[in-house]
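# Descriptive structure summary
The lines below spell out each chain.
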Amino acid sequence: MAGRNEWQVNAKMVQQETETRGSTLACRRLGEQTVVSSKNRNPGGKRQEQGRGKPENCSCRTGQIETVEHLIVECSNYERQRGELVAGVVMVIGREKWARRLEEENGAICSVGAVWGQKGNRKKNGEAGKSVLSITNCPIHSYADDSTLHYSTSFNRRPSQQELHDSRLEAAERLTSELTIISDWGKRNLVSFNASKTQFLHLSTRHNLRNTYPLFFDNTQLSPSSTLNILSLSLTQNLNWKLHILSLTKSASSRLGVLYCLRQFFSPAQLLSIYKGIVRPRMEYASHVWGGSTHTALLDRVESKALRLISSPPLTDSLLPLNFCRHVTSLSIIYRYFHADCFSELANCMPPPLPQPRCTRLSSHAHPYTVQTPYARVNQHLHSFIPHAGKLWNNLPSSVFPPAYDLNSFKRRVSGHLSSRN
């Protein structure tokens, strides 16, 4: 009985040293492998009682347990001595140099967005430490594991078909060169890219030319796509948001249909909460990007069906219209861009302030933050974010602008102004 109790005490000591419930500690003694488990229950699911002996499937011996304890003591001594040695080295060379030495020893992590990267020995020339975002000449944007490489051309006048063909051929060659650089970077850093999942979309309002341009990635020719999905936004060749809004309408309608089938189990207040939490966010996501499209009336129809489903005017009257929320969102983002409360790349997209050389009837009603709205030759540009939101911005009164930058105050004042107009 004493030997059995000693085994249980030793096993409990091993459990305390491992500091992890259910972990397994292995050691070797004279060619035999001994495994000590710190689990509290046996395979049968019954708790072991003190004084009842070892579990039936355990082959541990007291000598082996003593060996485990000896190894634990040696590991503790090693960790203590290593800690003292590291502390002495840090006092001599400094904490920054010590961290840099550890980084060189263990390898650096080269991040691309938030996912791409690898751990390995850093090369002397520093190529492994470079991010893929900094090795390309064309702009590249990444979010998590999605990266987008783009190249654009422009003309001062309406180009001919031959000029369009030459510019598109040059763009394909330029992008192929950039993709080759990215592929070589991946080989050096042990990162593999799946060329079959790479999409290619050509954005243009003129599609009377052939669209089969030689664009290669990892010796694989990329076939052009009709749509490109980036962060749940469906981009088409002519930047028309009809297809994306149709997709939002179908998704919101399907969710609303499920809610209609379950309407008898919920009160009007619960139906309103479910609509605001599940259906409505689907129709408001990134609304400032496509909010200027003429196809947003499809979403208004979905909301009218939801209001009929809830069938409680005292509750639904407090629900702000979708168009109202889209305008507030667009104006808030323009307010941030105007005051450069964003990335510099986005702030540079903001049109310049409108000069007011003389006092006129129109200038007397304009606020000092008025901007020059860009000239839109086609409807796709007219209904895009900057021209559409810029027009709303210029029509605001001066009273909605706080004396200093305050986004929350601006939102409240804009909401009050738009509510009074409605």
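Residues numbered from 1 in each chain as written. Predicted model: local features only at pLDDT ≥ 70, side-chain atom pairs only at ≥ 80, totals over all residues. Heavy atoms only, no water.

## Things to note about the overall build of the protein chain
Counting its regular elements, the protein chain contains 15 helices and ten strands. Put simply, the protein chain has 422 residues, and 31% of those count as buried. Put simply, 60% of the contacts in the protein chain that link residues at least 6 apart link residues at least 24 apart. Carbon and sulfur atoms make up 52% of the accessible area of the protein chain, which amounts to about 27,400 Å² in all. (Helix = DSSP H or I, 4+ residues; strand = E, 2+ residues; numbered from the N terminus. Buried < 20%, exposed > 50% of the residue type's maximum accessible area, 1.4 Å probe, protein only. Contact = heavy atoms within 4.5 Å. Areas by Shrake-Rupley, 256 points an atom, 1.4 Å probe, with all protein chains shown as cover.)

## Comments concerning the packing of helix α5 (residues 242–261) against helix α6 (residues 268–284)
Between α5 and α6, the least distance of the axes is 9 Å, while the angle of their chain directions is 165°. Accordingly, the angle class assigned to the pair α5 and α6 is roughly antiparallel. Every pair of crossing elements has a handedness; the one defined by α5 and α6 is right-handed. When α5 is examined against α6, the residues Leu248, Ser251, Ala252, Arg255, Leu256 and Leu259 are found in contact with a partner set consisting of Leu271, Ile274, Tyr275, Ile278, Val279, Arg282 and Met283. For the contact of α5 with α6, a count of residues per class yields ten nonpolar, one polar and two charged. (Axes fitted to C-alpha atoms, helices over the stretch in contact; angles between N-to-C directions. Parallel < 35°, antiparallel > 145°, perpendicular 65-115°, else oblique. Left-handed = near helix turned anticlockwise from the far one by under 90°. Nonpolar A, V, L, I, M, F, W, Y, C, P; charged D, E, K, R; others polar.)

## Let's talk about the nonpolar core
Leu256, Tyr275, Met283, Trp290 and Leu299 are the most contacted members of the largest nonpolar core, which totals 24 residues. Among the elements of the structure, β10 (233–236), α5, α6 and α8 (297–310) are those that each provide at least two residues to this core. With residues up to four places along the chain from it excluded, the contact list for Leu256 reads Tyr275, Val279, Val302, Lys305, Ala306 and Leu309. (Core = buried A, V, L, I, M, F, W, Y, C linked by side-chain atoms within 4.5 Å.)

## Side note on the pairing of strand β6 (residues 146–149)
Pairing of strand β5 (residues 140–143) with β6 involves four bridges; the strand directions are antiparallel. Paired with Ser142 across the strands is Ser147, a residue of β6. Between β5 and the antiparallel strand that follows it, β6, lie two residues; Ala144 among them carries a positive phi value of about 55°. (Pairing = 2+ DSSP bridges.)

## A word on the pattern of salt bridges
Scanning the entire structure with this criterion turns up five salt bridges. Across the pair Arg280 and Glu284 runs a salt bridge whose closest N-O atoms are separated by 2.7 Å. One end of the pair, Arg280, and the other, Glu284, are both in helix α6, four residues apart, so they sit about a helical turn from each other. Assessed through its relative accessible area of 30%, Glu284 is described here as partly exposed. One salt bridge in this structure joins Glu303 and Arg280, with 2.7 Å as the shortest N-O distance. Residue Glu303 is found in helix α8, and its partner Arg280 is found in helix α6; the two are separated by 23 residues along the sequence. Arg280 carries the same exposure label as Glu303, and that label is buried. Sharing partners across several salt bridges, the network here consists of Arg280, Glu284 and Glu303. (Salt bridge = Lys/Arg side-chain N within 4 Å of Asp/Glu carboxyl O.)

## Remarks on the packing of aromatic side chains
Evaluated as defined, the whole model comprises eleven aromatic pairs. Plain terms: the ring middles of Tyr335 and Trp393 are 6.4 Å apart, the flat faces sit at 45° to each other, and that makes the pair tilted. Here Tyr335, found in helix α10 (residues 322–338), pairs with Trp393, found in helix α14 (residues 385–394); they are 58 residues apart in sequence, far enough to count as distant. Its relative accessible area of 1% is what places Tyr335 among the buried residues. Residue class for Trp393 comes out buried when judged on its relative accessible area of 0%. (Phe/Tyr/Trp six-rings, centres within 6.5 Å; stacked < 30°, edge-to-face > 60°.)

## Details of the side chain of Thr136
The topology assignment puts Thr136 in the loop between β4 (119–120) and β5. Apart from residues lying up to four places away in sequence, Thr136 is in contact with Glu178 and Ile182.

## As for unusual backbone geometry
At Asn219, a position not held by glycine, the phi torsion is positive, near 60°. You can see Asn219 is positioned in the loop between β7 (216–217) and β8 (220–221). The class for Asn219 is exposed, based on a relative accessible area of 80%. Despite not being glycine, Ser232 has its phi angle at roughly 70°, a positive value. Counting through the fold element by element, Ser232 comes out in the loop between β9 (227–230) and β10. Judged by relative accessible area, Ser232 falls into the partly exposed class, the value being 40%.

## Topic: helix α15 (residues 407–421)
A rise of 1.5 Å per residue sets the reference length of α15, with its 15 residues, at 21 Å; its end C-alpha atoms lie 21 Å apart and thus fit the reference within 8%. For α15, the full list of buried residues reads Ser409, Phe410, Val414, His417 and Leu418. Take α15 and look down its axis: the buried residues cluster within an arc of 160°, on one side only. Relative to its buried face, α15 has exposed residues pointing more than 90 degrees away, namely Arg412 and Ser420. Packing partners of the buried residues in α15 comprise α10 and α14. Of the residues flanking the start of α15, the one acting as N-cap is Asp406, its side-chain oxygen 3.4 Å from the backbone nitrogen of Asn408. (Expected span 1.5 Å × (residues − 1). Arc of directions from axis to C-beta. Polar contact = N/O pair within 3.5 Å; in protein donor to acceptor, adjacent residues only side chain to side chain.)

## Quick word on the packing of α5 against α8
Running from N to C, α5 and α8 cross one another at 10°; their axes reach a closest spacing of 9 Å. The angle between α5 and α8 places the two elements in the roughly parallel class. When α5 is examined against α8, the residues Ile245, Leu246, Leu248, Thr249, Ala252, Ser253, Leu256, Leu259 and Tyr260 are found in contact with a partner set consisting of Leu298, Leu299, Val302, Lys305, Ala306 and Leu309. Looking at the contact of α5 with α8 residue by residue, the classes come out as twelve nonpolar, two polar and one charged.

## Some words on the confidence of the model for the protein chain
Of all residues in the protein chain, 71% attain a pLDDT of 70 or more, and the chain-wide mean is 75. Segment residues 1–65 is flagged for pLDDT under 50; beyond a separation of four residues in sequence, or across chains, it makes 77 contacts in the model. Contacts for the low-pLDDT stretch residues 106–129, under 50 throughout, to residues beyond four places or in other chains number 48 contacts. (pLDDT = per-residue confidence, 0-100.)

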